[in-house]
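As a plain string of letters, each chain reads:
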Amino acid sequence: MTTTILLIRHGETDWNAARRLQGHTDIALNDVGLLQADALGRALVQAPLAAVIASDLSRARQTAQAVAGHHGIELRIDSQLRERCYGGFEGLQHAQIAKVYPQHYAAWQARDIDALMPPGERVGESFRQFFTRSTQAIVHWAGQYPGRTIAIVAHGGVLECAHRVARGMALTSARDFEIKNASINRFSFSAQTLTLLDWGDINHLAAAAIDELA
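Bear in mind that the values here come from a model prediction, so they are computed numbers and not experimental data.

Asks: Go over the pattern of salt bridges, please, and point to the residues and values.
Replies: With the rule as written, the count across this model stands at 13 salt bridges. The shortest N-O distance in the salt bridge between E160 and R111 comes to 3.5 Å. Remark: R111 occurs in the loop between α5 (102-109) and α6 (127-144) and E160 occurs in helix α7 (residues 156-167); sequence separation between them is 49 residues. For E160, a relative accessible area of 9% gives the class buried. The class for R111 is partly exposed, based on a relative accessible area of 24%. Residue E121 is joined to R122 by a salt bridge in which the shortest nitrogen-to-oxygen separation is 3.4 Å.

As structure tokens, this is what we get:
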């Protein structure tokens with residue numbers, strides 16, 4: 001039986017706006033992100049959702065609650081859906097990382113999927129480790145609701161991993177797609193296969209829709 005997955009990136013945070021890496025750092029939505037989450041919840045009010053699952057980080061939980069609240073569904077939390085842990089990179093912008101950690105930054109930009117970030121408040125993950133963790137979490141939840149529709153609210157990196165699986169992209173290849181805040185990305189899951197149906201739907205975030213909520 002086929003599970004339909006609405007894979008959603010959380011709304012905007014101040015660190016998103018400043019282009020600072022967040023990783024496992026727990027940053028809440030900013031005012032724009034809260035409006036985005038509300039618009040998202042309204043857009044999905046008619047979706048036949050059997051479950052809403054979110055990363056345990058605040059930005060994902062806040063976004064997901066806006067969806068779950070419209071459906072009277074208890075939000076389910078899974079820490080395995082967290083963003084990649086970037087270790088010492090977290091809180092920094094790209095230019096700062098390149099200056100403070102030039103060798104680690106070069107390996108990251110070269111897409112060395114086994115390279116580890118320098119330690120910070122937390123120990124960073126390689127891309128391979130993160131890819132395995134996040135895709136296993138998506139498959140787990142899809143398997144819990146065969147033949148039904150679920151919403152999973154996570155992070156840009158998690159969405160990237162799902163997109164790569166569905167397209168059969170090598171982990172070492174450059175990313176050639178955008179990942180927008182509060183976007184709805186539709187997948188199907190059947191026979192252990194993840195299929196991309198639609199990517200980057202942000203029609204609910206049109207300026208008029210946001211203005212009505214302001």
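From this point, things continue past the structure.
Asks: Outline the layout of surface pockets, listing residues and values.
Replies: Volume-wise, the largest pocket comes out at about 1,000 Å³. Lining the largest pocket are 37 residues; nearest its centre among them are L21, Y86, H94, W108 and R175. Secondary structure elements with two or more residues in the lining of the largest pocket: α1 (14-17), α5, α6 and α7. For the lining of the largest pocket, the element with the most residues is α5, which contributes four residues. Among the residues forming the lining of the largest pocket, the class breakdown is 14 nonpolar, eleven polar and twelve charged.

Asks: Provide a residue-level description of unusual backbone geometry, including the pertinent values.
Replies: At R19, a position not held by glycine, the phi torsion is positive, near 60 degrees. Along the polypeptide, R19 turns up in the loop between α1 and α2 (31-43). For R19, a relative accessible area of 63% corresponds to the exposed category. Even without being glycine, A182 reaches a positive phi, approximately 60 degrees.

Asks: Any details on helix α3 (residues 58-71)? Residues and values, ideally.
Replies: For an α-helix, 3.6 residues make a turn, and residues three or four places apart therefore share a direction. Compared with an ideal rise of 1.5 Å per residue, which puts 14 residues at 20 Å, α3 spans 20 Å between its outermost C-alpha atoms and is within 8% of the ideal. Residues of α3 that are buried include every one of S58, R59, A60, T63, A64, A66, V67 and A68, and no others. Buried residues belonging to α3 abut β1 (3-9), α2, β2 (49-54) and β4 (149-154).

Rules used in this analysis
Residues numbered from 1 in each chain as written. Predicted model: local features only at pLDDT ≥ 70, side-chain atom pairs only at ≥ 80, totals over all residues. Heavy atoms only, no water. Salt bridge = Lys/Arg side-chain N within 4 Å of Asp/Glu carboxyl O. Helix = DSSP H or I, 4+ residues; strand = E, 2+ residues; numbered from the N terminus. Buried < 20%, exposed > 50% of the residue type's maximum accessible area, 1.4 Å probe, protein only. 1 Å grid on protein atoms, 1.4 Å probe; cavity = no way out; pocket = protein on both sides within 12 Å on 5 of 7 lines; lining within 4 Å. Points joined across faces, edges and corners; volume = space filled by probe spheres on them. Nonpolar A, V, L, I, M, F, W, Y, C, P; charged D, E, K, R; others polar. Expected span 1.5 Å × (residues − 1). Contact = heavy atoms within 4.5 Å.

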